[in-house]
Amino acid sequence: MAFLHAILLCLIFTTVVSQSFIQISPDHRKIRIDDDIYCESWRFSIETNDAGYWSTIPERCLRFVQDYMTGDRYRYDSELVAENSLKFAKTVEISGNGSDAWVFDIDETLLSNLPYYELNGFGSEKFDEETFDSWVDLAEAPALPASLSLYKELKQLGFKIFLLTGRSEYQRNVTEKNLLYAGFTGWEGLILRGPSDQGNPAIVYKSEKRAELQNEGYKIHGSSGDQWSDLLGFAVARRSFKLPNPMYYIS
């Protein structure tokens with residue numbers, strides 16, 4: 001009798017516990033996940049490139065992206081990328097003949113356009129080339145502090161620095177002015193889109209320009225960018241380092 005009583009209690013306990021954990025029914029399959037949890041998962045999917053192409057951030061993630069970009073986490077993430085980059089760079093045996101290169105993207109890699117995006121929805125609004133170009137013309141984008149420190153360290157180690165940007169050739173003067181204003185000096189080359197590059201996807205354009213550097217005899221040990229199109233394709237670096245950017249995507 002005692003044995004049957006124990007079994008009965010066990011069955012009751014199991015049923016109660018099961019009901020407390022398993023509450024999914026056909027009528028409750030679309031439960032709205034907490035926005036912060038959802039947006040953290042969304043950010044993970046875009047930073048890993050699992051999401052593929054996307055045009056604007058989800059409306060429910062506006063506050064999340066704003067808090068991330070203006071808070072400590074963006075700075076800490078950027079610092080960790082720079083730390084890992086420098087750790088790798090110090091393992092490279094510099095040849096001394098000037099052929100050891102590192103390639104940087106510019107926007108959201110060396111320079112921060114956060115002042116612009118603060119006024120334009122942090123990526124929740126469709127990109128407007130005209131207003132962005134007006135911002136570029138001001139040449140006031142600040143440096144990403146971690147990237148500036150990495151840039152200087154790489155120069156001291158003996159790397160030749162190439163800046164490979166999706167900006168157009170007509171923006172060369174304002175881009176150089178902004179880089180100098182932000183503290184970047186002594187780059188080996190600044191590569192912008194020329195007339196023949198217009199219309200090419202970023203991943204193709206940047207691959208072609210890296211291939212040209214390699215054909216000139218440079219060894220691209222490292223590459224830094226906030227977009228996967230900065231890093232993937234062909235003629236890739238030995239190591240590529242992706243900086244965070246949940247505001248926009250360039251293919």
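Everything below is about the structure shown above.
Given the structure is predicted, the values throughout are model-derived calculations rather than measurements.

Visitor: Residue-level account of the pairing of strand E4 (residues 219-225), with values.
Guide: Counted residue by residue, E4 has six buried out of seven residues, so it is predominantly covered. Inspection of the sheet shows strand E1 (residues 100-104) paired to E4 by five bridges, in the parallel sense. Among the inter-strand pairings, Trp102 is bridged to a residue of E4, identified as Gly222. Pairing geometry for E4 and strand E5 (residues 239-242), over four bridges, is parallel. Considered in E5, the bridge of Gly225 is made with Lys242.

Visitor: An account of the environment of Leu179 is needed here, citing residue identities and associated values.
Guide: For Leu179, the position within the fold is in helix H8 (residues 172-182). Looking at Leu179, the relative accessible area reads 0%, which means it is buried. Put simply, Leu179 and Ala143 are 36 residues apart on the chain and 7.9 Å apart in space, counted from C-alpha to C-alpha. Once residues within four sequence positions are removed from consideration, Leu179 is found in contact with Ile106, Leu110, Leu111, Leu163, Phe184 and Trp187.

Visitor: Can you lay out the nonpolar core for me, pointing to particular residues and giving the numbers?
Guide: Membership of the largest hydrophobic core comes to 50 residues, with the highest contact counts inside it found for Trp102, Phe104, Leu163 and Phe184. At six residues, helix H4 (residues 72-89) tops the list of elements feeding residues into this core. Those residues within four positions of Phe184 in sequence are excluded, and the remaining contacts are Leu110, Leu111, Ala143, Ser147, Leu148, Tyr151 and Leu179. With ten residues, the next largest nonpolar core counts Val103, Tyr205, Ile220 and Ala237 among its residues.

Visitor: Describe the side chain of Asp226, listing the residues and the values that go with them.
Guide: Positionally, Asp226 belongs in the loop between E4 and E5. Put simply, Asp226 is tucked away with no salt bridge, and the nearest opposite charge, on Lys242, sits 6.1 Å away. Setting aside residues no more than four positions away along its own chain, Asp226 makes contact with Asp105, Asp107, Glu108, Thr109, Lys242, Leu243, Asn245 and Tyr248.

Calculation rules
- Residues numbered from 1 in each chain as written.
- Predicted model: local features only at pLDDT ≥ 70, side-chain atom pairs only at ≥ 80, totals over all residues.
- Heavy atoms only, no water.
- Buried < 20%, exposed > 50% of the residue type's maximum accessible area, 1.4 Å probe, protein only.
- Helix = DSSP H or I, 4+ residues; strand = E, 2+ residues; numbered from the N terminus.
- Pairing = 2+ DSSP bridges.
- Contact = heavy atoms within 4.5 Å.
- Core = buried A, V, L, I, M, F, W, Y, C linked by side-chain atoms within 4.5 Å.
- Lys, Arg positive; Asp, Glu negative; His and termini not counted.
- Salt bridge = Lys/Arg side-chain N within 4 Å of Asp/Glu carboxyl O.

Any functional reading would require information beyond the geometric quantities listed.
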